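Observations on the three-dimensional arrangement
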Amino acid sequence: MSFDFDATVVGAGAVGLACGRALAKRGLTVLVLETAPHIGQGVSSRNSEVIHGGLYYPTGSLKARFCVEGRRLLYSFLDSHKVDYRKCGKLVVATEEAEVERIEAIFDQAAANGVEGLEHLTGAQARALEPGLNAHAAILSPESGLFASHDYMLALQGEIEDAGGSVVVSTPFERAEPLPGGGFTITAGGPDSGEGGATLTSGLLVTAPGLQAQDVAARIEGFPADRIPKGRLGKGVYFRLTGKAPFERLVYPPPIPGALGTHYRKDLGGQGVFGPDLAYVETEDYSVDPAKAAEFEHYIRRFWPGLPDGALTPDYAGIRPKLHGPGEPQPDFQLRDRSDHGLDGLVALFGIESPGLTSSLAIGERVADMLAHD
């Protein structure tokens, strides 16, 4: 059967674009659909732009494997496409004796995950690297860094289009129906298309729409409702430092339940940024309450006692597509194929939060491999 496109990807964030690139590399004609007027306007644009080493995730999990593999692929991609990045390294800091055991467990987990170059540091060694840091002990991860995530996504889009594919914005996915002989009829609409939108056919379908993952899956005819995991919205806010950035490296205290917690980075523009925290919300609210500055100041002074009073200004907020609620164990990435939902030629992604940006190239390659063997 002839299709309009060999493969269609729903969502033009980092992961959706990486999936489109991986499929295009295999010689397929690819269409990427995006609801927003520009690529990367959702989860991919409201994060820390950190390249994660792969320290924290359970050995053998998709997060652990994709983070380490994705990081290696990412640095090579950034070099070859001349996308700005800084491999600044990360310090995971125990600010008191009671936290040492926790960071030692992180070191052991990271080593089991194959993270390269890890070092144990005494408090004095950590302070020698970053004067002004309060550290009883620390772990150094030299492979961690920062990058220009939007330039990265533009490079992914460029590869898709160079291969003959299309990335179409302002075109929300409306529904998909499996065809009797394989493939899908997909309906997608623009802002002026009205009810129904335009219809096309595609041999393969990938859904990677971030916060809309559950809604998109529910719009695919035949997708079992009981195979759509419940989604939660995890909001995190960021504050920017006025004045000179205090540290060159990323600084992370031990993780908080359900997330890595409020950390420090010196962004590519040279400014200090702190965040995110974690609060579960019911709606997509991207406001930042200035009153939270006091809470941030108290937390930050655990590792940077020299934070001046009144030096934090509200910056931005992000929302992560969580698959767990408060007090629940943090689940792995979910890449659902025919063996899970029963539909040929479909891979649906759920819960692609941190370290999804770092992992994106590895996720894309895995999705393409899954569809090749579907």
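See above for the structure.
These numbers were taken from a predicted model, which means no experiment stands behind them.

**A look at the nonpolar core**
With 46 residues, the main nonpolar core has Leu17, Tyr152, Leu335, Leu349 and Val367 as its most contacted residues. Listed by contribution, the elements that provide at least two residues to this core are β1 (5-10), α1 (14-25), β2 (30-33), α2 (62-81), α5 (149-162), β12 (198-207), β20 (346-350) and α9 (356-372). What Leu335 contacts, discounting residues up to four positions off in sequence, is Leu62, Phe66, Ala348, Leu349, Ile352, Arg366, Val367 and Met370. The next biggest cluster of nonpolar side chains, apart from the first, holds 27 residues, and it includes Ala126, Leu140, Phe239 and Leu312.

**Some thoughts on the side chain of Asp267**
Locating Asp267 in the fold gives a position in the loop between β15 (263-266) and β16 (272-275). By relative accessible area, Asp267 is classed as buried at 13%. Sequence-distant contacts of Asp267, defined by excluding residues within four places in its chain, comprise Arg86, Leu146, Arg240 and Val273.

**As for α9**
For α9, the principal kink sits at Ala362 and spans about 40°. α9 sits mainly inside the fold: 14 of its 17 residues count as buried.

**Focus on the packing of α1 against α5**
Two elements in contact, α1 and α5, have axes separated by 9 Å at closest approach and are oriented at 30°. Compared by their axis directions, α1 and α5 come out roughly parallel. The handedness of the crossing between α1 and α5 is left-handed. Of the residues in α5, those in contact with Ala14, Leu17, Ala18, Gly20 and Arg21 of α1 are Tyr152, Met153, Leu156, Gln157, Glu159 and Ile160. Considered class by class, the residues forming the contact of α1 with α5 number seven nonpolar, two polar and two charged.

**A word on the packing of α2 against α9**
The N-to-C vectors of α2 and α9 enclose an angle of 105°; their axes lie 6 Å apart at closest approach. Taken as axis vectors, α2 and α9 run roughly perpendicular relative to one another. Along its contact with α2, which presents Leu62, Lys63, Arg65, Phe66, Cys67, Glu69, Gly70, Arg71, Leu73, Leu74 and Phe77, the element α9 presents Thr358, Ser359, Leu361, Ala362, Ile363 and Arg366. The residue inventory of the contact of α2 with α9, partitioned by class, reads nine nonpolar, three polar and five charged.

**Some thoughts on unusual backbone geometry**
For the bond running from Gly275 to Pro276, omega is -5°, close enough to zero to count as cis. Each neighbour pair has its own omega, and for Ser354 with Pro355 the value is 5°, a cis peptide bond. Tracing the backbone shows Pro355 in the loop between β20 and α9. Non-glycine residue Glu49 carries a positive phi angle of around 55°. One non-glycine residue with positive phi stands out, namely Lys82, at about 55°. On the secondary structure map, Lys82 appears in the loop between α2 and β4 (85-86). We classify Lys82 as exposed; its relative accessible area is 75%.

**Brief notes about the environment of Ile39**
Mapped onto the elements, Ile39 comes out in the loop between β2 and β3 (50-51). A relative accessible area of 5% means that Ile39 is categorised as buried. Not counting residues within four places of it along the chain, the set of residues in contact with Ile39 comprises Ala12, Leu17, His150, Met153, Leu154, Gln157, Val167 and Val169.

**Observations concerning the sheet that holds β3**
Spatially, the three strands line up as an open sheet ordered β3-β8-β4, and their pairing is antiparallel. Looking at which strands have only one partner, the edges of the open sheet turn out to be β3 and β4. Two elements, β3 and strand β8 (residues 145-147), share two bridges in a ladder whose sense is antiparallel. Bridge pairing in β8 links Ile51 to Gly145.

**Thoughts on the pattern of salt bridges**
On inspection of all chains with the given rule, the structure shows 23 salt bridges. The salt bridge partner of Arg302 is Glu99, with a shortest N-O separation of 2.5 Å. Of this pair, Arg302 sits in the loop between α7 (293-300) and β18 (312-322) while Glu99 is found in the loop between β5 (90-94) and α3 (100-112), placing the two residues 203 residues apart along the sequence. Given a relative accessible area of 29%, Arg302 falls into the partly exposed group.

**What to know about the packing of aromatic side chains**
Under the defined criterion, the tally for this structure stands at twelve aromatic pairs. Their ring planes at 75° and their centres at 6.4 Å tell us that Phe223 and Phe350 sit as a pair that is edge-to-face. One end of the pair, Phe223, is in the loop between α6 (213-218) and β13 (232-241); the other, Phe350, is in strand β20, with 127 residues separating them in the sequence. Judged by its relative accessible area of 0%, Phe350 falls in the buried class. When the centroid spacing of 6.4 Å and the interplanar angle of 40° are considered together, the rings of Phe274 and Phe303 count as tilted. On the criterion of sequence distance, the pair formed by Phe274 in strand β16 and Phe303 in the loop between α7 and β18 is long-range, its members being 29 residues apart.

**Observations regarding the environment of Pro172**
Secondary-structure assignment places Pro172 in the loop between β9 (166-168) and β10 (173-178). Given the relative accessible area of 26%, Pro172 is considered partly exposed. In sequence terms Pro172 and Ala22 are 150 residues apart; their C-alpha atoms lie 22 Å from each other.

Rules and cut-offs
Residues numbered from 1 in each chain as written. Predicted model: local features only at pLDDT ≥ 70, side-chain atom pairs only at ≥ 80, totals over all residues. Heavy atoms only, no water. Core = buried A, V, L, I, M, F, W, Y, C linked by side-chain atoms within 4.5 Å. Buried < 20%, exposed > 50% of the residue type's maximum accessible area, 1.4 Å probe, protein only. Helix = DSSP H or I, 4+ residues; strand = E, 2+ residues; numbered from the N terminus. Contact = heavy atoms within 4.5 Å. Bend = angle between axes of the 7 residues up to and from the residue. Axes fitted to C-alpha atoms, helices over the stretch in contact; angles between N-to-C directions. Parallel < 35°, antiparallel > 145°, perpendicular 65-115°, else oblique. Left-handed = near helix turned anticlockwise from the far one by under 90°. Nonpolar A, V, L, I, M, F, W, Y, C, P; charged D, E, K, R; others polar. Pairing = 2+ DSSP bridges. Salt bridge = Lys/Arg side-chain N within 4 Å of Asp/Glu carboxyl O. Phe/Tyr/Trp six-rings, centres within 6.5 Å; stacked < 30°, edge-to-face > 60°.

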